[in-house]
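Structural characterization, general
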Amino acid sequence: MHWSFILVFAVLATLIFIAEVSPLEPSGSNTCTKSVSYTKTQTVTYIVSASKSYTTWCASLPPRCTKYRTYYYTKSRIESNTEQKIVRYCCSGYLQEDDHCTPICTSSCNNQGTCVSPNICDCNAGWMGSTCSTKCPEGRYGKGCSNKCVCKNGATCNKVDGSCLCTSGWQGSNCGSKCNEGRFGQNCTQSCKCKNGAKCNAVDGSCDCPPGYKGKTCEELCGNGKWGKSCFQNCSCMNGAKCLSATGQCICTPGWQGSNCDSKCDEGRFGQSCSESCKCKNGAQCNAVDGSCDCPPGYKGKTTRLFIDAKSGKLLVRERTSILTLLESVKRNGVICRRFVM
């Protein structure tokens, strides 16, 4: 069977394009354009005709004739064409992310800022420099380090918002106030344990003992002959006098006087601080401690009101009194002294 092909090109209404898939073009600012060549491929369909022979009866000799029938069928082929188009792309220094262009900073702004233009960073509060790698200098804070810190007494200024972190012993928004009485430490959160009027150190809670006291919390008196601040002074008190640990002042025992209790009471005085007057009579010696009288020969009594004659031994009444009981008799230097309960 003989075939003949007649090529008939017919472009169908619907063309199937096989082309490269173009990437998503960026939009908005920081985009540039250019003309590019690209290959456009499409599938073209066309109709092909062919003839096929067959035999049939006819009025001839022999009575069989050859005839032809024409058939039509569709074929396709791929055609490629080079074309031009305008495309948008990110300008130099920008990188496409989805459908927009973002600037590129080689330093990544040290993760402390935002890249707003190629290699230009907008630093976060508390940071500065072209790459946002430098903290605000001492005493400055905020965006662009443009604000001045107001923290006092060695407090740390927050570089971001300017808040103050107080050192121990201080409080307040700018750390300008000392801890309240009886408080100490960071944020003044701890309670002082000082005693006997000692001053509490607001920083570490240590106790500044007043004169006369010692110990970690000033709970002990100086003692051991010491007095004054930190108990460094030596007491100079004598004759059993008590030394005041705060001032070193001597509290004399009865019968003694003077700044360090080294002098006996003056004649006719006795007792604590020699403040009392003796009542002894007839030349009797007064005991400076308790004021008791040491009767001279021939006298007796609490204040020697009775006299016994040395020659006759008779009792002479110098003052009006009554004798109740004779208790004892003693012969002393030829004089008889009798002690009576009056």
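Numbering of residues begins from 1 in every chain and follows the order in which that chain's sequence is written. Per-residue local features of the predicted model are confined to residues with pLDDT of at least 70, and side-chain atom pairs are confined, for both listing and counting, to 80 or more; whole-chain, interface and lining totals are unaffected and use all residues. Computation of side-chain values covers all heavy atoms of the structure but excludes hydrogens and water.

Now for the pattern of salt bridges. Only one rule defines a salt bridge in this text: a Lys or Arg side-chain nitrogen within 4 Å of an Asp or Glu carboxyl oxygen. All chains considered together, the criterion is met by 4 salt bridges. E83 is paired through a salt bridge with K40; the nearest N and O atoms lie 3.9 Å apart. Residue E83 is found in strand β4 (residues 64-90), and its partner K40 is found in strand β3 (residues 31-57); the two are separated by 43 residues along the sequence. Here's how the labels work: a residue is buried when its accessible area is under 20% of the maximum for its type, exposed when over 50%, partly exposed in between, all with a 1.4 Å probe on protein chains only. For E83, a relative accessible area of 27% corresponds to the partly exposed category. The partner of R77 in a salt bridge is E79, and the shortest N-O contact between them spans 3.1 Å. Helix and strand labels come from DSSP, where a helix needs a run of H or I of at least four residues and a strand needs a run of E of at least two; each type is numbered from the N terminus.

Turning our eyes to something else, we now look at the pairing of β3. Within a regular beta strand, the side chains point alternately toward one face of the sheet and then the other, so they alternate between its two faces. Two strands pair if DSSP finds at least two bridges between them. In this structure, β3 lies alongside β4, joined through 27 bridges in antiparallel fashion. Counterpart to V44 in the pairing with β4 is R77. Adjacent in sequence and paired antiparallel, β3 and β4 are bridged by 6 residues.

With that settled, the discussion passes to the UniProt feature "domain: EGF-like" (unreviewed entry) in the protein. Mapped onto the present numbering, the UniProt feature "domain: EGF-like" (unreviewed entry) falls on residues 102-133, 184-219 and 227-262. The span residues 184-219 shows a helical share of 0% and a strand share of 25%, and its end C-alpha atoms are spaced 19 Å apart. Helix and strand shares over residues 227-262 are 0% and 25% respectively, and the end C-alpha atoms of the span are 19 Å apart. UniProt positions are given in the numbering used here, feature names are shortened, and annotations may be inferred rather than shown by experiment.

It is worth spelling out the state of the cysteines at this point. A pair of sulfur atoms, both from cysteines and within 2.5 Å, is called a disulfide here. For the structure on display, the rule yields 21 disulfides. Between the sulfur atoms of C58 and its disulfide mate C65 the distance is 1.5 Å. Taking the sign of the S-S torsion, 80 degrees for the link of C58 and C65, the bridge is right-handed. By relative accessible area, C58 is classed as partly exposed at 21%. With a sulfur-sulfur separation of 2.0 Å, C90 is cross-linked through a disulfide to C101. With the S-S dihedral at roughly -90 degrees, the linkage between C90 and C101 falls on the left-handed side. You can see C90 sitting in strand β4 and its partner C101 sitting in strand β6 (residues 100-103), a full 11 residues away along the chain. For C90, a relative accessible area of 13% puts it in the buried group. Looking at C295, it has no disulfide partner, and the nearest cysteine sulfur is the one in C293, 6.5 Å off. The class for C295 is buried, based on a relative accessible area of 18%.

Note on placement: T45 falls in strand β3. The exposure class assigned to T45 is buried, which follows from its relative accessible area of 17%. Once the C-alpha coordinates of T45 and K75 are considered, the two residues, 30 residues apart in sequence, prove to be 5.6 Å apart.

Of the strand pairs in this sheet, strand β7 (residues 113-117) and strand β8 (residues 120-123) are connected by 4 bridges, and their pairing is antiparallel. Across the sheet, S117 pairs through a bridge with I120, a residue of β8. Between β7 and β8, which pair antiparallel in sequence order, lie 2 residues; one of them, N119, sits at a positive phi of approximately 60 degrees.

With that out of the way, let us pick up the nonpolar core. By nonpolar core we mean a set of buried residues, namely Ala, Val, Leu, Ile, Met, Phe, Trp, Tyr and Cys, connected to one another through side-chain atoms within 4.5 Å. Residues Y141, C149, C151, A155, C157, C164, C166, W170 and C175 constitute the largest nonpolar core, which totals 9 residues. The contact rule is simple, with two residues in contact once any of their heavy atoms fall within 4.5 Å. Those residues within four positions of W170 in sequence are excluded, and the remaining contacts are N153, C175, G176, S177, K178, C179, N187 and C188. Within the second largest apolar cluster, 6 residues are counted, among which are C121, C123, W127 and C132.

Turning next to the side chain of T31. By secondary structure assignment, the location of T31 is in strand β3. Since its relative accessible area comes to 18%, T31 is described here as buried. Looking at T31, its side chain comes within polar contact range of the main-chain oxygen of G28, at 3.0 Å. Looking at T31, its side chain comes within polar contact range of the side chain of R88, at 2.6 Å. Residues within four places of T31 in sequence aside, it is in contact with P26, R88, Y89, C91 and C101. Pairing of N or O atoms within 3.5 Å defines a polar contact, subject to two protein rules: one partner must be a possible hydrogen donor and the other a possible acceptor, and residues neighboring in sequence count only if both atoms are side-chain atoms.

Turning to the confidence of the model for the protein, a few remarks are in order. Each residue carries a pLDDT score, the predictor's confidence in it, ranging from 0 to 100. Of all residues in the protein, 82% attain a pLDDT of 70 or more, and the chain-wide mean is 83. Per-residue pLDDT, averaged within each element of the protein, yields its smallest value for strand β1 (residues 5-8) (35) and its largest for strand β12 (residues 147-148) (97). This model gives residues 304-308 a pLDDT under 50, and the stretch forms 32 contacts once residues within four places in sequence are excluded. Here residues 313-342 is modelled with pLDDT under 50, and outside its nearest four sequence neighbours on either side it reaches 54 contacts, counting other chains as well.

If you trace the backbone, T74 turns up in strand β4. Assessed through its relative accessible area of 57%, T74 is described here as exposed. With 29 residues separating them in the primary sequence, T74 and T45 have C-alpha atoms 6.8 Å apart. Among all residues touching T74, those that are not within four sequence positions of it are T45, Y46 and I47.

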